[in-house]
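Fold and contact review
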Amino acid sequence: MSRSLILALLFLCPFANTQGQLATSLSINKKTYVAGEPVIAEIIVTNHSGRELTLASTRQLPWLAFVVTNSRGNPVTTHKLNAFDAMKIKVGESLKKRVDLTEYFLLNSQGNYAVSAVVRDPRGSVQGSSTNRILFNLNPGRTYWAQKVGVKSDLGTGTREIKLLTFSNGQKTQLYAQVIDGRTGVPMQTFPLGDVLM
């Protein structure tokens with residue numbers, strides 16, 4: 001190998017991209033959710049780059065982006081941009097970040113979905129490191145009790161429907177409270193209350 005080639009390689013090494021030097025994995029807290037319930041994703045990033053890294057968003061790209069698709073492979077609509085704080089990772093260190101996907105994506109309709117994430121180092125490539133892809137589904141549950149109520153806000157008056165739902169995951173039956181927008185019929189929020197004792 002010629003001396004000039006060795007010098008060129010030594011010069012370029014500090015600028016090599018870190019895409020292959022970040023190990024990423026994604027998990028979710030369960031596979032089936034009641035529509036409107038928080039979908040919690042946890043991403044683990046491990047630094048194998050040989051130097052401390054600061055993962056931070058640029059004006060063009062976020063350092064962490066989630067991709068959620070429906071059963072037809074179409075991207076799910078976002079309702080909030082994901083602007084995550086910078087994360088500093090020491091050499092060989094693994095850090096976790098938990099994210100409620102319902103804060104960023106419209107996940108309120110029954111169906112099957114898939115999620116993956118991309119982690120980008122600003123000094124690395126635009127593609128970044130992709131995580132594994134996870135499948136999950138949203139279920140409407142079974143209505144046990146429902147009541148419509150009027151609401152008043154700065155935007156005017158409207159209605160909400162309050163529901164108690166039951167949902168069985170095959171092992172146990174759970175009780176949920178759900179708030180539905182009276183105008184659109186879309187679940188706004190779903191709260192797990194605990195196991196049904198019947």
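Residues numbered from 1 in each chain as written. Predicted model: local features only at pLDDT ≥ 70, side-chain atom pairs only at ≥ 80, totals over all residues. Heavy atoms only, no water.

1. Here we look at the overall build of the protein chain
Helices and strands together make up the secondary structure of the protein chain, namely one helix and 14 strands. Considering the protein chain as a whole, with its 198 residues, one finds that 35% of them fall into the buried category. Partitioning the contacts of the protein chain with sequence separation of at least 6, the portion at a separation of at least 24 is 57%. A total accessible area of about 12200 Å² is found for the protein chain, and carbon and sulfur atoms account for 53% of it. (Helix = DSSP H or I, 4+ residues; strand = E, 2+ residues; numbered from the N terminus. Buried < 20%, exposed > 50% of the residue type's maximum accessible area, 1.4 Å probe, protein only. Contact = heavy atoms within 4.5 Å. Areas by Shrake-Rupley, 256 points an atom, 1.4 Å probe, with all protein chains shown as cover.)

2. Re the sheet that holds strand S3 (residues 40-47)
Spatially, the three strands line up as an open sheet ordered S1-S3-S7, and their pairing is antiparallel. Looking at the sheet topology across the chains shown, the edges are occupied by strand S1 (22-28) and strand S7 (94-100). Ignoring strand direction, the axes of neighbouring strands in this sheet form an average angle of 20°. With seven bridges joining them, S1 and S3 adopt antiparallel strand pairing. Looking at S3, one finds that Leu26 is bridged to Ile43. (Pairing = 2+ DSSP bridges. Axes fitted to C-alpha atoms, helices over the stretch in contact; angles between N-to-C directions.)

3. Quick look at the pattern of salt bridges
In total, this model carries three salt bridges according to the counting rule given. Among the ionic pairs, Lys30 bridges to Glu37, the shortest N-O distance being 2.7 Å. Using a relative accessible area of 4% as the deciding quantity, one classes Glu37 as buried. Between Glu103 and Lys80 there is a salt bridge; the shortest N-O distance is 3.9 Å. One end of the pair, Glu103, is in the loop between S7 and strand S8 (111-119); the other, Lys80, is in the loop between strand S5 (64-70) and strand S6 (87-89), with 23 residues separating them in the sequence. Judged by its relative accessible area of 37%, Glu103 is partly exposed. (Salt bridge = Lys/Arg side-chain N within 4 Å of Asp/Glu carboxyl O.)

4. Some remarks on the packing of aromatic side chains
Think of a pair of aromatic rings as described by two things: how far the centres are apart, and how the planes are tilted against each other in angle. Using the criterion set out here, one finds four aromatic pairs in the structure. On the numbers, 6.0 Å between centres and 85° between planes, the contact of Tyr33 with Phe136 is edge-to-face. Taken together, the residues Tyr33 in strand S2 (residues 32-34) and Phe136 in strand S10 (residues 134-139) connect sequence positions 103 residues apart. On the basis of relative accessibility, which here comes to 0%, the residue Tyr33 falls in the buried class. Ring pairing ties together the aromatic residues Tyr33, Tyr113 and Phe136, which thus form one cluster. (Phe/Tyr/Trp six-rings, centres within 6.5 Å; stacked < 30°, edge-to-face > 60°.)

5. Structural notes on the confidence of the model for the protein chain
Averaged over every residue, the pLDDT of the protein chain is 85; the share at 70 or more is 87%. Between residues 4-19, whose pLDDT stays under 50, and residues either more than four places distant or in other chains, the model counts 16 contacts. (pLDDT = per-residue confidence, 0-100.)

6. Regarding the nonpolar core
Membership of the largest hydrophobic core comes to 30 residues, with the highest contact counts inside it found for Phe66, Leu101, Leu107, Val115 and Phe136. Listing elements by their share of this core, those giving two or more residues are S1, S3, strand S4 (53-55), S5, S6, S8 and S10. Among the elements that take part in this core, S8 stands out by supplying four residues, more than any other. Among residues more than four places away in sequence, those in contact with Val115 are Leu26, Ile28, Phe66, Val67, Val68, Leu101, Asn132, Arg133, Ile134 and Phe136. (Core = buried A, V, L, I, M, F, W, Y, C linked by side-chain atoms within 4.5 Å.)

7. Structural notes on the side chain of Thr102
Structurally, Thr102 is set in the loop between S7 and S8. By relative accessible area, Thr102 is classed as buried at 19%. A polar side-chain atom of Thr102 sits 2.6 Å from a polar atom in the side chain of Asp100. Excluding residues within four positions of it along the chain, Thr102 makes contact with Glu37, Pro38, Val39, His79 and Leu107. (Polar contact = N/O pair within 3.5 Å; in protein donor to acceptor, adjacent residues only side chain to side chain.)

8. A look at the pairing of S8
Remark: a regular strand shows side chains that alternate across the two faces of the sheet. For S8, the buried fraction is high: seven of the nine residues fall into the buried class. As paired elements, S5 and S8 share seven bridges and run antiparallel to each other. Bridge pairing in S8 places Phe66 opposite Ala117. The sheet contact formed by S8 and S10 spans five bridges and is antiparallel. Paired with Ala114 across the two strands is Leu135, which belongs to S10.

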